[in-house]
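This is what each chain is made of:
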Amino acid sequence: MSGAPLAADDVREVDRAASSHVQVTRAYADPYVAGVALGLVLLAAFVVMGRGLGASGAFASSAAGVVSAIAPRRAATNEYFARYLAGDGPWRDWLLFELIGVILGGFFPSILAGRFRFEIARGPRLARTPRLALALAGGALMGTGAVLARGCTSGLALTGGALLSVGSWLFIAVAFASAFAVAPLVRKAWR
Amino acid sequence: MTAPLVDFAAFSAASQLAIAVFIGLAFGFALERAGLGDARKLAGQFYVTDFTVLKVMFSAIVTAMLGAYWLARLGVLDLARVFVPETYVLPQLAGGALFGIGFVLAGLCPGTSCVAAATGRGDGALTVVGMFAGVLATGLAFAPLRAFYASTARGSLTLPQLLDLPYGVVVCAIVAIALAVFRIVERWERRAA
């Protein structure tokens, strides 16, 4: 199932490495192979922990931790944050440790593959500052969306998608429909 | 039934967190190797120039779905003990719509923004900051949102329950849809190239 698209990626990677003369950059993995690997990681989480992967939950837990440190009473009476303060507390959250793993798991292989570089990934027509503003605004919108939906692409879409949760498939459909609908309006950012 | 292991083996709190880091490492590794630390690649999905997001997500869902289904059928995994994300129709529709806008603006999602930041990308770091601010602000403003947040609750409703079909039939249908979508996408890419 790989073939033409992978070959195109290969060439792009080699071009970039050759033009920058920095280091040899390894091509990305075949997306289907990476997807199956990711699926096996998700399955391992089901089998070992009885739960799936996640990302936004770690943000919620650390936000609860920060609020609790600054204004303990406010955090304890806030219905959304209070649940993260129960048990072992917000800094011993399972998803927070998982997300620390994600950061390390992204960092080390990018070094090994020669793909680590300080840059601002952006479209060819967009300057750095507006790109960073879009990143910040996009992050904030996803934060609000993930709170309302009770999860993000990892904890809701991937995890619940594999477990056939109705809400997860609704979220996938609406999130992608909304992204496709907005994409033409922000074409200048990426094309 | 011998799995989920956490229910049958007495993992200490510390070892559960160690498992979390280990699973996260593998998760981050797969995302980075797929190229999903690069916002241009993710954004390309929404201009139909790069189908990595769709291919990775859909094949991951199908793999884990088939694995969970067969391990349950073989009596290894007790699916009743695996946490299924609960359904809240309206909050998830509204949240999904906002999330999709954020996704195309940032070119990253929460998990991939961490990978982007960890591989040196400033836009990834800013997405992480924005994500944290969004969760913080929405959490602080939770009181007026509470009623909406809790509305249209359907519990851990699954597609087989909703459609009143056997689990295996829904699994087969999703595999068939995935294979059809992959075929269409491969054709599209060949034509574009």
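Data block above holds the structure.
Structural notes, computed from the coordinates. (Residues numbered from 1 in each chain as written. Chains lettered and ligands numbered in written order. Predicted model: local features only at pLDDT ≥ 70, side-chain atom pairs only at ≥ 80, totals over all residues. Heavy atoms only, no water.)

**Section: the overall build of chain B**
At step 1: What chain B contains, in helices and strands, is 10 helices and two strands.
At step 2: Sequence-ordered secondary structure for chain B, helices as α and strands as β, is α-α-α-α-β-α-α-α-α-β-α-α.
At step 3: In terms of principal-axis extent, the alpha carbons of chain B reach across some 50 × 45 × 35 Å.
At step 4: Expressed as a percentage of the 193 residues in chain B, the buried residues total 52%.
At step 5: In chain B, the proportion of contacts linking residues at least 24 apart, taken out of those at least 6 apart, comes to 65%. (Helix = DSSP H or I, 4+ residues; strand = E, 2+ residues; numbered from the N terminus. Buried < 20%, exposed > 50% of the residue type's maximum accessible area, 1.4 Å probe, protein only. Contact = heavy atoms within 4.5 Å.)

**Some thoughts on the overall build of chain A**
At step 1: Tallying secondary structure elements over chain A gives 10 helices and zero strands in all.
At step 2: Along the chain direction, N to C, the helices and strands of chain A fall in the order α-α-α-α-α-α-α-α-α-α.
At step 3: Counting the 191 residues in chain A, one finds 55% classified as buried.
At step 4: Partitioning the intrachain contacts of chain A with sequence separation of at least 6 by distance along the chain shows that 55% fall at a separation of at least 24.

**What to know about unusual backbone geometry**
At step 1: A cis amide bond links Ala3 of chain B with the next residue in sequence, Pro4 of chain B, at an omega value of 5°.
At step 2: Position of Pro4 of chain B among the secondary structure elements: in the segment before helix H1 (5-8).
At step 3: In this structure, Leu164 of chain A takes a positive phi of about 65° despite not being glycine.
At step 4: For Leu164 of chain A, the position within the fold is in the loop between helix H8 (153-162) and helix H9 (166-182).
At step 5: Positive phi is not limited to glycine here, since Val48 of chain B has a value of about 40°.
At step 6: Examined against the element boundaries, Val48 of chain B turns out to sit in the loop between helix H3 (39-44) and helix H4 (52-73).

**A short note on the environment of Gly35 of chain A**
At step 1: Inspection of the secondary structure assignment puts Gly35 of chain A in helix H2 (residues 31-49).
At step 2: For Gly35 of chain A, a relative accessible area of 0% corresponds to the buried category.
At step 3: Setting aside chain neighbours within four positions, we find Gly35 of chain A in contact with Val56, Ser59 and Ala60 of chain B.

**A short note on the pattern of salt bridges**
Residue and element names in this part refer to chain B.
At step 1: Using the criterion set out here, one finds 13 salt bridges over all chains in the structure.
At step 2: For Lys55, the salt bridge is made with Glu189, and the minimal N-O distance between the two is 2.8 Å. Of this pair, Lys55 sits in helix H4 while Glu189 sits in helix H10 (residues 167-192), and the two are 134 residues apart along the sequence.
At step 3: For Lys55, a relative accessible area of 2% corresponds to the buried category.
At step 4: The buried category is assigned to Glu189, whose relative accessible area is 13%. (Salt bridge = Lys/Arg side-chain N within 4 Å of Asp/Glu carboxyl O.)

**Here we look at the state of the cysteines**
At step 1: Per the stated rule, a full pass over the model turns up zero disulfides over all chains.
At step 2: The thiol of Cys109 of chain B is unpaired, and the distance to the nearest cysteine sulfur, on Cys152 of chain A, comes to 6.4 Å.
At step 3: For Cys109 of chain B, a relative accessible area of 7% corresponds to the buried category.
At step 4: Distance from the sulfur of Cys114 of chain B, which forms no disulfide, to the nearest cysteine sulfur (Cys109 of chain B) is 9.1 Å.
At step 5: Classification of Cys114 of chain B by relative accessible area gives buried; the value is 4%. (Disulfide = S-S within 2.5 Å.)

**Considerations on the packing of H4 of chain B against H10 of chain B**
All names here are of chain B.
At step 1: Interhelical geometry of H4 versus H10 gives an angle of 155° and a closest axis separation of 10 Å. As judged from the angle between their axes, H4 and H10 are roughly antiparallel. The two elements H4 and H10 cross, and the hand of that crossing is left-handed. Contact residues: Leu54, Lys55, Phe58, Ser59, Val62, Met65, Leu66 and Tyr69 in H4; Tyr167, Gly168, Val171, Ile174, Val175, Ile177, Ala178, Val181, Phe182, Val185, Glu186 and Glu189 in H10.
At step 2: Counted by class, the contact of H4 with H10 contains 15 nonpolar, two polar and three charged residues. (Axes fitted to C-alpha atoms, helices over the stretch in contact; angles between N-to-C directions. Parallel < 35°, antiparallel > 145°, perpendicular 65-115°, else oblique. Left-handed = near helix turned anticlockwise from the far one by under 90°. Nonpolar A, V, L, I, M, F, W, Y, C, P; charged D, E, K, R; others polar.)

**Overview of the interface of chain B and chain A**
At step 1: Contacts between the two partners involve 119 residues from chain B and, on the opposite side, 118 residues from chain A.
At step 2: Where chain B abuts chain A, roughly 10,700 Å² becomes buried across the two surfaces, and 74% of that area is made up of carbon and sulfur atoms.
At step 3: The largest share of the area that chain B buries against chain A comes from Phe27, Arg33 and Tyr47 of chain B, three residues that together contribute 7% of it.
At step 4: Measuring nitrogen to oxygen at the nearest pair gives 3.3 Å for the salt bridge that ties Arg146 of chain B to Glu79 of chain A.
At step 5: Linking chain B with chain A are 39 residue pairs in polar contact (both at pLDDT 80 or more). (Buried area = accessible area lost by both parts, 1.4 Å probe. Polar contact = N/O pair within 3.5 Å; in protein donor to acceptor, adjacent residues only side chain to side chain.)

**Brief notes about the packing of aromatic side chains**
Geometrically, a pair of aromatic rings is defined through the distance of the ring centres and the angle of the planes.
At step 1: For the structure shown, the criterion picks out 19 aromatic pairs over all chains.
At step 2: Consider the rings of Phe58 of chain B and Phe182 of chain B, whose centres lie 5.9 Å apart with planes at 75°: the pair is edge-to-face. Taken together, the positions of Phe58 of chain B in helix H4 and Phe182 of chain B in helix H10 put the pair 124 residues apart, joining distant regions of the chain.
At step 3: Among the residues examined, Phe182 of chain B registers a relative accessible area of 6% and is labelled buried.
At step 4: Through successive ring pairs, a cluster of aromatic residues spans Phe171, Phe176 and Phe180 of chain A together with Phe46, Phe99 and Phe103 of chain B.
At step 5: Across the ring face of Tyr149 of chain B, the terminal group of Arg150 of chain A is positioned such that the distance to the ring centre comes to 3.7 Å. (Phe/Tyr/Trp six-rings, centres within 6.5 Å; stacked < 30°, edge-to-face > 60°. Lys NZ or Arg CZ within 6 Å of the ring centre and 35° of its normal.)

**Some details on the side chain of Arg121 of chain B**
At step 1: On the secondary structure map, Arg121 of chain B appears in the loop between helix H6 (110-118) and helix H7 (122-140).
At step 2: In terms of polar contacts, Arg121 of chain B uses its side chain to reach the side chain of Thr119 of chain B, at 3.4 Å.

**A short note on a nonpolar patch on the surface**
All names here are of chain B.
At step 1: Together, Leu162, Leu163, Leu165 and Val169 give the surface a local cluster of nonpolar side chains, amounting to about 340 Å² of exposed area.
At step 2: Positionally, Leu165 belongs in the loop between helix H9 (159-163) and H10.
At step 3: Leu165 sits in the partly exposed class, given a relative accessible area of 39%. (Patch = residues over 30% accessible without salt bridge, like charges linked within 9 Å, V, L, I, M, F, W, Y side chains within 5 Å. Areas by Shrake-Rupley, 256 points an atom, 1.4 Å probe, with all protein chains shown as cover.)

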